[in-house]
Amino acid sequence: MTPAVFLVILCLGVVSGVSAFDLSLDVEWEEWKIKYEKSYTPEEDVLKRAVWEENVKKIKMHNMENSLGKNTYTMEINYFADMTDEEFKDMIIGFTLPINDTVRSPWKRSLHSNFPYSWNWKDTLPKSVNWVKEGYVTRVNDQGNCKSCWAFPVAGAIEAQMFKKTGKLIPLSVQNLVDCSKPQGNRGCNGGTTNSGFKYVLENGGLEAEATYPYEAKEGLCRYNPKNSFATIETFVALSEDEDVLMDAVATKGPVAAGINVVYSSLRFYKKGIYYEPRCKHLVNHAVLVVGYGFEGNETDDNNYWLIKNSWGKKWGLGGYMKIAKDRNNHCGIATFAQYPIV
């Protein structure tokens, strides 16, 4: 038991054998366990109920403040509600920036070199883009108890480019990446980077489809079969840490692999709206796929958002997707480590 959990339980009076749980939440607790297929021993039930109840109170308080216009998104009691912040980090966070970063593309510099600096090139880009609606994005997946977040946007970005090239949208094998990209620096279910994932596909000369190499949420021996290779890439582009460059890439190239900071409970309980966490730093620790951008209401900076595809299943957020603040100082590091492949 972590010190944080012990303190919660002690404050509730459970340690002494006197339950101080909110009895009005009894039915909601049982329904939540059924919905998310949670099963505990009697001892675990007490511990998890204490953590769950504290999270429920935080979520309901946040949503009450949302109804008063104090924030721009709502939260919900989802699969992660029985976890402390520390437990969630231990289970999910598996993305770290490599020590030796990939060579940065001169793309941003060349983009501006042919035009006067006063020319507003952003005006030529669409006001909103949604590659999901255009058919470039495969179904939402759940990484489970495997720190493989880095592999999903690698597969997703290549899927989109293959669709653009062939007209066929085929889910690619995340498990292939998990099992086989260790020589490039990844650590399977113990974390990795999109950078090393793209390097694997490039150096290996191919990636299998999900159909021939299905996801298992655990790492195993590399079973890549070149006869089953479905996708290849010629290279991949690493963008500079600039939201304008990311916007151009998403608009003109397609879905882009990126990283964000997910250490805050406000993000893991996200439901809908434009996520903005004032405390969120540019520390990248989770990988996602940027599949579009847009705005809600009037077109102002506070209403602009990036649309991202996550790997926490369809029961999280907007059916597995999220709107996160755009044009607000690289919020949560969304443009810090962004890449896309060329096929």
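In this text the structure is predicted, and so the values were computed from the model without any measurement.

Which residues make up the packing of helix α2 (residues 26-35) against helix α3 (residues 42-67), and what are the values?
α3 packs onto α2 with a crossing angle of 105 degrees between their chain directions and a minimal axis gap of 11 Å. As summarised for this structure, α2 and α3 are arranged roughly perpendicular, according to the angle between their axes. Of the residues in α3, those touching α2 at D26, E28, W29, W32 and K33 are D45, K48, R49, W52 and K60.

Pulling in residues and values, what's your account of the packing of aromatic side chains?
Applying the stated criterion across every chain, the model contains 20 aromatic pairs. An angle of 75 degrees between the planes, with centres 4.8 Å apart, marks the rings of Y136 and F163 as edge-to-face. Of this pair, Y136 sits in the loop between β2 (129-130) and α6 (151-166) while F163 sits in helix α6, and the two are 27 residues apart along the sequence. Considering the side-chain rings of Y270 and W316, the 5.7 Å spacing of their centres and the 40 degrees angle between planes classify their relative orientation as tilted. Linking Y270 in strand β7 (residues 270-275) with W316 in the loop between β9 (304-309) and β10 (321-325), this pair joins segments that are 46 residues apart in sequence. Note on accessibility: Y270 and W316 belong to one class, buried.

How would you explain the state of the cysteines if you had to name every residue and give the values?
With the rule as written, the count across this model stands at 3 disulfides. Covalent S-S linkage joins C146 and C189, the inter-sulfur distance amounting to 2.0 Å. Disulfide C146 to C189: torsion about the S-S bond roughly -95 degrees, handedness left-handed. One end of the pair, C146, is in the loop between β2 and α6; the other, C189, is in the loop between α7 (174-180) and α8 (194-204), and 43 residues separate them in sequence. Here C146 and C189 have matching classes, each one buried. Here C280 engages in a disulfide with C332; their sulfurs sit 2.1 Å apart. Here the S-S torsion is close to 130 degrees, and the disulfide linking C280 with C332 is therefore right-handed. Of this pair, C280 sits in the loop between β7 and β8 (286-295) while C332 sits in the loop between β10 and β11 (339-342), and the two are 52 residues apart along the sequence. Each member of the pair C280 and C332 is classed as buried. Going through the protein chain in sequence order and numbering each bonded cysteine, the pairs you get are 1-3, 2-4, 5-6.

Please set out the layout of surface pockets residue by residue, giving values where relevant.
Space inside the largest pocket adds up to approximately 300 Å³. Looking at the lining of the largest pocket residue by residue, the classes come out as 7 nonpolar, 5 polar and 5 charged.

Lay out the environment of N63 with the relevant residues and their values.
With respect to the helices and strands, N63 occurs in helix α3. As a C-alpha pair, N63 and M75 span 12 residues in sequence and 6.5 Å in three-dimensional space. Among all residues touching N63, those that are not within four sequence positions of it are T74 and M75.

Let's hear about the pairing of β9: which residues, and what values?
With 6 of 6 residues buried, β9 is to be regarded as a mostly interior element. Burial along β9 is two-sided: the residues N304, W306 and I308 and Y305, L307 and K309 are all buried. Across 5 bridges, β9 lies against β10 in antiparallel orientation. Considered in β10, the bridge of Y305 is made with A325.

Lay out unusual backbone geometry in plain terms, naming residues and giving numbers.
Look at D327: it is not a glycine, yet its phi comes out positive at around 60 degrees. Mapped onto the secondary structure, D327 falls in the loop between β10 and β11. A positive phi angle, close to 55 degrees, is found at N330, a residue other than glycine. For N330, the location among the structural elements is in the loop between β10 and β11.

Break down a nonpolar patch on the surface for me, citing the residues and quoting the values.
On the surface, a nonpolar cluster with roughly 320 Å² of combined accessible area is contributed by M61, M64 and L68. Residue position: M61 is located in helix α3.

Would you mind going over the nonpolar core in detail, with residue names and values included?
Of all hydrophobic cores here, the largest spans 97 residues; its most connected members are I158 and W306. Examining the composition of this core, we find that 9 residues originate from one element, α6, more than from any other. When neighbours within four sequence positions are excluded, I158 is seen to be in contact with L172, F198, V201, L207, A231, I233 and P341.

What counts and how
- Every chain is numbered independently, its residues counted from 1 as its sequence is written.
- Local features in this predicted model are restricted to residues of pLDDT 70 or higher, and side-chain atom pairs are both shown and tallied only at a pLDDT of 80 or more, whereas totals for entire chains, interfaces and linings draw on every residue.
- To obtain the side-chain values, all non-hydrogen atoms of the structure were used and water was disregarded.
- Only C-alpha atoms enter the line fits that serve as axes; for helices the fit covers just the stretch in contact. Angles between N-to-C directions range over 0 to 180 degrees.
- The numbering of helices and of strands both runs from the N terminus, where a helix is a DSSP run of H or I of at least 4 residues and a strand a run of E of at least 2.
- Orientation is classified from the angle alone, with under 35 degrees giving roughly parallel, over 145 giving roughly antiparallel, 65 to 115 giving roughly perpendicular, and any other angle giving oblique.
- Two residues qualify as a contact provided that any one of their heavy atoms is within 4.5 Å of a heavy atom in the partner residue.
- Between rings of Phe, Tyr and Trp, where Trp is taken as its six-membered ring, a pair exists when centres lie within 6.5 Å; planes separated by under 30 degrees are stacked, by over 60 edge-to-face, and by other angles tilted.
- Note on exposure labels: buried denotes an accessible area under 20% of the residue type's maximum, exposed denotes more than 50%, and partly exposed covers the range between, all computed with a 1.4 Å probe on protein chains only.
- Only a pair of cysteine sulfur atoms within 2.5 Å qualifies as a disulfide here.
- Lining residues are defined by having an atom within 4 Å of a point belonging to a cavity or pocket. Those points lie on a 1 Å grid over the protein atoms alone, cavities being sets where a 1.4 Å probe fits but cannot get out and pockets being open sets with protein on both sides within 12 Å along at least five of seven lines.
- Grid points are joined across faces, edges and corners, and a volume is the space filled by probe spheres set on the points.
- Following the grouping adopted for this structure description, the nonpolar residues are Ala, Val, Leu, Ile, Met, Phe, Trp, Tyr, Cys and Pro, the charged ones are Asp, Glu, Lys and Arg, and the polar ones are all others, Gly among them.
- Note: two strands are recorded as paired if DSSP finds a minimum of 2 bridges between them.
- Two joining distances apply to patches: 9 Å for like charges and 5 Å for nonpolar side chains (Val, Leu, Ile, Met, Phe, Trp, Tyr), and every residue must have over 30% relative accessible area and no salt bridge.
- Note that accessible areas follow from Shrake-Rupley with a 1.4 Å probe, and for residues the cover is restricted to the protein chains shown.
- Here a salt bridge means any side-chain nitrogen of Lys or Arg lying within 4 Å of a carboxyl oxygen belonging to Asp or Glu.
- Each nonpolar core is a collection of buried residues, namely Ala, Val, Leu, Ile, Met, Phe, Trp, Tyr and Cys, held together in the definition by side-chain atoms within 4.5 Å.

Any functional reading would require information beyond the geometric quantities listed.
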